[in-house]
Structure formats: C-alpha cells, structure tokens
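Architecture at a glance
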Amino acid sequence: MPITYYITLAIVLFCIGVVGVLTRRNAIIIFMCIELMLNAVNLLLVAFSKMHNGKALATNPTSLAGIDGQLFVFFIMVVAAAEVCVGLSIIVMMYRNTHSVDVNFLNRLKN
Amino acid sequence: MSTTAILFWFLSALALLSATMVLISKNPVHSILWLIIVFFAISGHYILLNAQFIAIVNLIVYAGAIMVLFLFVVMLMNLNSDSEPQKNNRLRLAGTIAGGCLMLIMIDVVRSASEVQNATAMVREGNIGLIKTLGKVLFVDYVVPFEITSVLFLSAMIGAVVIGKKD
C-alpha cells in the first residue's frame, strides 16, 4: 500500500482524538482520546518501519532496517500503560473530592 | 482490487467510524466499547503489515488491560448515566473547526513531502515484525531502555498506590 494512505489514516485518527480532547468535558473520555492519538502515532511508526525495510530489502534480503520503529511502538505502549495507571488514579481521586469527572470543576487554580 | 486492498479499506473505515463513535456517544461505557473496536481495527492493520508481535501486544495491552481498567473506573464511579452536564455548542463548534483545520494542514504538508511521494509500505515482505528478530534487537541493542522501563513501571505503580489510597 502507498505510504500516503497510512499517513492520511493516522492523521485523521489523530485529529479525531484532538477534537475529542477539545470538545468533551468528561475527564475519562478526554483520557480515551489521548489513547486514540497514541495509537494513531503507533500505526504510523509501524507503517514507516515497513517502508524503510522495504527499501533496504532490495539490496539485502535479511535486512533489519526499520526495526527501530517497531521497538519504539513497544516502548510507547509501555509508557501508555504507566500513564493510564497514574492518570486513572488521579481521576478517581478527583471524583472522590468533587463527585464529578467534569474538567470544568477543576478551574480552582485560575484565581 | 486485491485482498490486501479490500482489507485495508475495510479496517480503515472501521477504525474511523468507531473513532467517531467514541466522540459522539453520550454514555462513557459505549465510548469505551467503541474504542476497543478501534484497537481491534488497528491490530488488524498491524497484522496486514506483518508486524505480528506488535499486533498481539496491542490486543493484550490496550484492548485487554487498559480498556478493562477504564471500564472498572467508569463502573466504580457509576457514570453509566448521561453525565455531560455542560452544553456549550459554540465551544464544541470551535473545537471541531480547530481540529479540522489541523487535519487539513497536516495532510497537505505531509503528503506533499517528496520523500513519501512514491514510497510504499511493504505489506507482506520482510520478517522484522516477527518475535524472533524483534527479541534479538530488543535484548541486544535496546537492553538499557528495556531495564529503565521496569523502573518506570515500578514508579508508576507506587504513584498509583500513593495517589489512590484514602488519606
């Protein structure tokens, strides 16, 4: 498949996540949209790794070019798991204090 | 149209449709279920790109662990009723327009770059996505980041316990 198809797909997914973060007020849905953006980037990294691998395969049939992209995806998943673990506990604590997950209640630092 | 192309378009349409449904569904539980469908579609893309290890890790970590955690939290808070109190339509419109402009600009800029004009992602060829090759590189070249990852997980675990415990 042409790489531009993957680029377009990943950008559209990413922008759906951006729109979600900007328009929704529910903290959990904002968090899920961040996960969506991370996944769009992961998809693009894998597609680019296969693009570089395909170019290198023409000269060397056992080439490992582009494998770094897939390892980055692995590390991004690790970081996302750690982030979800901490972020959800912050949301639970916020719910315990305000009995709501509306991020508009969190403007106390404004004044 | 080859089988690969049909699968690509089907998975792309599924991912985009489900991602839109994540945004517009009122009930947070429905949003989570749609997001799980997005993750399955993206895993299908990984399998199509012959990145089998990433595909299965995506399913296990995202669709398995993270989404179950989200479901637990939503059900713990009893949020399954409609809990979006604020209805600011102007803000919503502004956010949508801003996101749409970002999408148009990014697509136009990235697609006009000369490096990607005639490049293709090799779908079937190559074996860099297999667990054997990935494991060799991970435990030889990337062993220090791998170990730092374990420290990160430990600190995240301690942080979650400290934040989440009743004080």
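Residues numbered from 1 in each chain as written. Chains lettered and ligands numbered in written order. Predicted model: local features only at pLDDT ≥ 70, side-chain atom pairs only at ≥ 80, totals over all residues. Heavy atoms only, no water.

**Section: the overall build of chain B**
Within chain B, the regular secondary structure consists of 6 helices and 0 strands. Shown N-terminal to C-terminal, the secondary structure of chain B runs as helices and strands in the order α-α-α-α-α-α. Along the longest, intermediate and shortest principal axes, the C-alpha atoms of chain B span 50 × 40 × 30 Å. Here chain B, with 167 residues, has 38% of them falling under the buried criterion. (Helix = DSSP H or I, 4+ residues; strand = E, 2+ residues; numbered from the N terminus. Buried < 20%, exposed > 50% of the residue type's maximum accessible area, 1.4 Å probe, protein only.)

**Looking at the overall build of chain A**
From N to C terminus, chain A includes 3 helices and 0 strands. The C-alpha radius of gyration computed for chain A amounts to 19 Å, which surpasses the reference 13 Å derived for 111 residues by more than 25%, pointing to a less compact arrangement than a globule. Overall, the C-alpha framework of chain A stretches about 60 × 25 × 20 Å when taken along its three principal axes. Buried positions account for 62% of the 111 residues belonging to chain A. Nonlocal contacts in chain A, meaning residues at least 24 apart in sequence, comprise 57% of its contacts between residues at least 6 apart. Split by element, the accessible area of chain A, about 4,300 Å² in all, is 69% carbon and sulfur. Charge centroids of chain A, computed over 7 positive and 4 negative side chains, lie 7 Å from each other. (Rg over C-alpha atoms; globule rule 2.2 N^0.38 Å. Contact = heavy atoms within 4.5 Å. Areas by Shrake-Rupley, 256 points an atom, 1.4 Å probe, with all protein chains shown as cover. Lys, Arg positive; Asp, Glu negative; His and termini not counted. Charge placed at Lys NZ, Arg CZ, Asp CG, Glu CD.)

**Thoughts on the nonpolar core**
In this structure, A:I3, A:I28, A:I91, B:L35, B:I54, B:M67 and B:F70 are the most contacted members of the largest nonpolar core, which totals 79 residues. Not counting residues within four places of it along the chain, the set of residues in contact with A:I3 comprises A:A47, A:F48, A:M51, B:V116, B:A119, B:T120 and B:A121. (Core = buried A, V, L, I, M, F, W, Y, C linked by side-chain atoms within 4.5 Å.)

**Side note on a nonpolar patch on the surface**
A grouping of A:Y5, B:M1, B:I6 and B:W9 is seen on the molecular surface, where their side chains present a nonpolar patch of about 470 Å² in accessible area. Summarising the element assignment, B:W9 is placed in helix α1 (residues 3-24). (Patch = residues over 30% accessible without salt bridge, like charges linked within 9 Å, V, L, I, M, F, W, Y side chains within 5 Å. Salt bridge = Lys/Arg side-chain N within 4 Å of Asp/Glu carboxyl O.)

**Here's the deal with the domain arrangement of chain B**
Residues and elements named next belong to chain B. In terms of domain boundaries, chain B breaks down into domain 1 (3-81 + 89-127) and domain 2 (130-167). If you average the C-alpha positions of domain 1 and of domain 2, the two centres end up 24 Å apart. Counting residues at the interface gives 4 residues for domain 1 and 4 residues for domain 2. Together domain 1 and domain 2 conceal approximately 420 Å² of surface at their shared face, both sides included; 70% is due to carbon and sulfur atoms. On the domain 1 side of the interface with domain 2, the three residues burying the most area are Q52, F53 and N127, jointly 88% of the side's total. Where domain 1 meets domain 2, there are 0 residue pairs in polar contact (both at pLDDT 80 or more). (Domains from an automatic or database assignment. Buried area = accessible area lost by both parts, 1.4 Å probe. Polar contact = N/O pair within 3.5 Å; in protein donor to acceptor, adjacent residues only side chain to side chain.)

**Quick word on the interface of chain B and chain A**
How big an interface is tends to be reported as the loss of accessible area on association of its parts. With 81 residues of chain B in contact, the opposing surface of chain A contributes 76 residues. Taken together, both faces of the contact between chain B and chain A bury some 7,200 Å²; the carbon and sulfur share is 78%. Our count for the contact surface shared by chain B and chain A stands at 0 salt bridges. Here chain B is connected to chain A by 7 residue pairs in polar contact (both at pLDDT 80 or more). Among the secondary structure elements, those contributing two or more residues to the side of chain B that touches chain A are α1, α2 (28-48), α3 (52-77), α4 (89-111), α5 (131-140) and α6 (143-164) of chain B. In the side of chain B that touches chain A, the residues fall into 55 nonpolar, 18 polar and 8 charged. (Nonpolar A, V, L, I, M, F, W, Y, C, P; charged D, E, K, R; others polar.)

**Some thoughts on helix α1 (residues 3-23) of chain A**
If you check α1(A), its first and last C-alpha atoms are 30 Å apart, about what 21 residues at 1.5 Å a residue would give, namely 30 Å. When you tally the buried positions in α1(A), you get 17 out of 21 residues, the bulk of the element. (Expected span 1.5 Å × (residues − 1).)

**Overview of the packing of aromatic side chains**
One pass over the structure, following the stated rule, counts 11 aromatic pairs over all chains. Ring geometry for A:F75 and B:Y142: centres 6.3 Å apart, planes at 40°, overall tilted. Within this pair, whereas A:F75 is found in helix α3 (residues 67-98), its partner B:Y142 is found in the loop between α5 and α6, the two belonging to separate chains. Grouping residues by exposure puts A:F75 and B:Y142 together as buried. Put simply, the rings of A:F72, A:F74, A:F75, B:F53 and B:Y142 touch in pairs and so form one group of aromatic residues. (Phe/Tyr/Trp six-rings, centres within 6.5 Å; stacked < 30°, edge-to-face > 60°.)

**Section: the environment of A:I67**
Looking at the secondary structure, you find A:I67 in helix α3. Along the primary structure A:I67 and A:A27 are separated by 40 residues, whereas in three dimensions their C-alpha atoms are 35 Å apart. Once residues within four sequence positions are removed from consideration, A:I67 is found in contact with B:I128, B:T133, B:L134 and B:V137.

**A short note on the environment of A:V101**
Residues and elements named next belong to chain A. In this fold, V101 is placed in the segment after α3. Take V101: its relative accessible area is 4%, and that puts it in the buried class. Residues V101 and I28, spaced 73 residues apart in sequence, show a C-alpha to C-alpha distance of 7.3 Å.

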